[in-house]
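Here are the chains, one letter per residue:
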Amino acid sequence: MRALNNYSAQEQQGGVVLSFEDAKPQLLLPGVIVEKGFKLANGDSLWLTSNDCPYEETLFVSLVNSQGCVVDKLEIYKPYTPGILSDVVVSGNYIQFEFWSEKRHQLLIDLLKSTLMLETLPNE
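Residues numbered from 1 in each chain as written. Predicted model: local features only at pLDDT ≥ 70, side-chain atom pairs only at ≥ 80, totals over all residues. Heavy atoms only, no water.

Undergrad: Help me understand the sheet that holds strand E5 (residues 33-39), please; the structure alone is not making it clear to me.
TA: Strand pairing in a sheet takes place through backbone hydrogen bonds and is either antiparallel or parallel in direction. The five strands are arranged E1-E5-E6-E7-E8 in an open sheet whose pairing can be described as antiparallel. Two strands in the sheet have a free side with no partner beyond their single neighbour: strand E1 (2-3) and strand E8 (70-77). (Pairing = 2+ DSSP bridges. Helix = DSSP H or I, 4+ residues; strand = E, 2+ residues; numbered from the N terminus.)

Undergrad: Even after reading the chapter, I still don't get the packing of aromatic side chains, so can you show me in this structure?
TA: Here a ring pair, both rings aromatic, is described through the centre-centre distance and the interplanar angle of the planes. Enumeration according to the criterion identifies three aromatic pairs in this entry. Aromatic side chains Tyr7 and Trp47 sit 5.1 Å apart centroid to centroid with 90° between the ring planes, which places their arrangement in the edge-to-face category. A residue pair is termed long-range when its members are at least 10 positions apart, and Tyr7 in strand E2 (residues 7-12) and Trp47 in strand E6 (residues 45-50) qualify at 40 residues. Since its relative accessible area comes to 23%, Tyr7 is described here as partly exposed. (Phe/Tyr/Trp six-rings, centres within 6.5 Å; stacked < 30°, edge-to-face > 60°. Buried < 20%, exposed > 50% of the residue type's maximum accessible area, 1.4 Å probe, protein only.)

Undergrad: Any chance you could explain the side chain of Thr49 here in plain terms?
TA: Summarising the element assignment, Thr49 is placed in strand E6. Reaching out from Thr49, the side chain makes a polar contact with the backbone oxygen of Pro30 at a distance of 2.7 Å. Aside from chain neighbours lying at most four places away, what touches Thr49 is Val16, Leu29, Pro30, Ile33, Val34, Glu35, Thr58, Leu59 and Phe60. (Polar contact = N/O pair within 3.5 Å; in protein donor to acceptor, adjacent residues only side chain to side chain. Contact = heavy atoms within 4.5 Å.)

Undergrad: Can you help me understand the environment of Gly43 in this one?
TA: Structurally, Gly43 can be placed in the loop between E5 and E6. Given a relative accessible area of 21%, Gly43 falls into the partly exposed group. For the pair formed by Gly43 and Leu121, sequence separation is 78 residues and the distance between their alpha carbons is 28 Å.

Undergrad: It is not clear to me how the pairing of strand E10 (residues 94-98) should be interpreted in this structure. Could you clarify?
TA: One face of the sheet, then the other: side chains in a regular strand alternate in exactly this way. By the bridge criterion, four bridges tie strand E9 (residues 86-91) to E10 in an arrangement that is antiparallel. Residue pairing across strands places Val90 opposite Ile95, the latter belonging to E10. Two elements, E10 and strand E11 (residues 104-110), share five bridges in a ladder whose sense is antiparallel. The residue of E11 that forms the bridge with Gln96 is Gln106. Hairpin connection between E10 and E11: a loop of five residues separates the two successive antiparallel strands, and Glu102 in this loop has a positive phi of roughly 60°.

Undergrad: Got a minute to help me understand the sheet that holds strand E3 (residues 15-20) in this structure?
TA: Spatial strand order, E2-E3-E4: three strands in an open sheet with antiparallel pairing. A single partner strand is all that each edge strand has here, and the edge strands are E2 and strand E4 (27-29). Adjacent strand axes in the sheet meet at a mean angle of 25° when their direction is disregarded. In this sheet, E4 lies alongside E3 in antiparallel orientation, the contact comprising three bridges. Bridge pairing in E4 links Leu18 to Leu27. (Axes fitted to C-alpha atoms, helices over the stretch in contact; angles between N-to-C directions.)

Undergrad: So what exactly am I meant to see when it comes to the nonpolar core here?
TA: One recurring pattern in soluble globular proteins: nonpolar side chains tend to sit buried together. Among the nonpolar cores identified, the biggest contains 16 residues, and Leu46, Leu59, Val61, Ile76, Phe97 and Leu116 are the most heavily contacted of them. Here this core gets three residues from one element, more than from any other, and that element is strand E7 (residues 58-64). With near-sequence residues (within four places) excluded, Val61 lies in contact with Leu46, Trp47, Leu48, Asp72, Lys73, Leu74, Ile76, Leu107 and Leu116. Grouped together as the second largest cluster of nonpolar side chains are nine residues, Leu4, Val16, Leu27 and Val64 included. (Core = buried A, V, L, I, M, F, W, Y, C linked by side-chain atoms within 4.5 Å.)

Undergrad: Explanation requested: the environment of Asn123 in the structure shown.
TA: Relative to the helices and strands, Asn123 is located in the segment after strand E12 (115-120). Put simply, Asn123 and Val71 are 52 residues apart on the chain and 31 Å apart in space, counted from C-alpha to C-alpha.

Below, the structure written as structure tokens:
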């Protein structure tokens with residue numbers, strides 16, 4: 001998995017639109033800010049976007065296939081709870097990150113089934 005940087009993002013009604021340098025079709029994702037984007041080993045991509053509201057933030061995780069279709073998605077949200085994506089660690093087919101203070105999450109990407117699984121890791 002490698003970080004993606006070859007895109008531009010523009011907020012539009014209904015989400016954030018990504019345009020790519022290699023002339024792929026544009027991609028509409030939820031949220032208004034692209035936090036991180038990753039290219040996966042099978043050609044799919046993974047996007048972490050947010051709605052830019054740090055006092056009650058939502059983190060959207062979208063798995064997009066090579067044809068530009070969202071095949072799985074997650075929404076991470078707690079009412080009245082601030083969230084900031086930080087401490088992102090990528091290894092193999094999973095990503096660990098913090099979103100709420102002192103809560104570590106692990107996102108598993110199943111490349112064969114094109115699915116996402118999120119778990120909160122126990123405090124150490």
